[in-house]
Amino acid sequence: MIRILALDEIGMILPLSAQVQAIHAAQHPEQYCAEVPEAAARVFFEEKIRDGAQLFVAEDDAGAVCGFLLAVPNRREGNPFVHASALVELDQICVDERCRGQGVGAALIGAMEHWMQNEGLGEWRSVVHDFNTHSQNLMRGQGANVLAFRFQKTLAT
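So, here's what we can say about the structure. (Residues numbered from 1 in each chain as written. Predicted model: local features only at pLDDT ≥ 70, side-chain atom pairs only at ≥ 80, totals over all residues. Heavy atoms only, no water.)

**Details of the nonpolar core**
One broad rule of soluble globular proteins: the nonpolar side chains tend to lie buried together. Ranked by internal contacts, the top residues of the largest apolar core, which has 21 residues, are L69, I109 and M112. Residue assignment for this core shows that the elements contributing at least two residues are strand 2 (54-59), strand 3 (65-76), strand 4 (85-95), helix 3 (104-119) and helix 4 (133-141). Looking at which element gives the most residues to this core, the answer is helix 3, with seven residues. Residue contacts for M112: discarding those within four places in its chain leaves F56, L69, A71, V88, L90 and W124. Core analysis: the next-biggest nonpolar cluster, separate from the first, contains 17 residues, V20, A41, V57 and C94 among them. (Core = buried A, V, L, I, M, F, W, Y, C linked by side-chain atoms within 4.5 Å. Buried < 20%, exposed > 50% of the residue type's maximum accessible area, 1.4 Å probe, protein only. Helix = DSSP H or I, 4+ residues; strand = E, 2+ residues; numbered from the N terminus. Contact = heavy atoms within 4.5 Å.)

**Focus on helix 3**
The terminal C-alpha atoms of helix 3, which comprises 16 residues, lie 23 Å apart, in line with the 22 Å expected from a rise of 1.5 Å per residue. For helix 3, the elements touching its buried residues are strand 1 (2-4), strand 2, strand 3, strand 4, strand 5 (124-125) and helix 4. Looking one or two residues past helix 3, G120 carries a phi angle of roughly 75 degrees, positive in sign. (Expected span 1.5 Å × (residues − 1).)

**Quick word on the environment of L87**
Within the secondary structure, L87 sits in strand 4. We classify L87 as buried; its relative accessible area is 0%. Separated by 34 residues in sequence, L87 and L121 have C-alpha atoms that sit 5.5 Å apart. With sequence-adjacent residues up to four places away left out, L87 is seen in contact with V72, P73, N74, L121, E123 and R125.

**Some points on the layout of surface pockets**
Quantified by volume, the largest pocket comes out at close to 1,900 Å³. Those elements that provide at least two residues to the lining of the largest pocket are helix 1 (14-27), helix 2 (38-50), strand 3, strand 4, strand 5 and helix 4. When its residues are assigned to classes, the lining of the largest pocket shows 23 nonpolar, 16 polar and eleven charged. Around the second largest pocket, the lining comprises 21 residues; the ones closest to its centre are V95, R100, H134, S135 and L138. Listed by contribution, the elements that provide at least two residues to the lining of the second largest pocket are helix 1, strand 4, helix 3 and helix 4. In terms of residue count, helix 4 provides more of the lining of the second largest pocket than any other element does, five residues in total. The residue inventory of the lining of the second largest pocket, partitioned by class, reads ten nonpolar, ten polar and one charged. (1 Å grid on protein atoms, 1.4 Å probe; cavity = no way out; pocket = protein on both sides within 12 Å on 5 of 7 lines; lining within 4 Å. Points joined across faces, edges and corners; volume = space filled by probe spheres on them. Nonpolar A, V, L, I, M, F, W, Y, C, P; charged D, E, K, R; others polar.)

Below you can see the structure in the form of structure tokens.
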């Protein structure tokens, strides 16, 4: 079952948030914190929701959380170089390792897209790291195209 998570339920997703954070911190310790205090993670998600984001959660038949998706609406003004846009940043998605390959990620994205249609938002974007083949395959499987390449170089100091 996919549903929108309430503010007072944020604690339910924190173990999965820590799971995905650890994967990113292991690959890019220069960018991602190895450990995020639970209180700080809770505040992060609460602020996102208060600012208009939606936090979708997937639960198995026993009611255990098996995935979540953070969708952040982003309305950008146009300028001389780009058109104004109203889109959603798929900021975070995590499917518990025990549930991968069962359609949970696709169901979360489907729920987000349904919500987007109701909100008049016709596009979503997500940044996926080169090491994260699970997310790359999920995005492509949902019909998303590679939009850009993002480069990084760290200079020796």
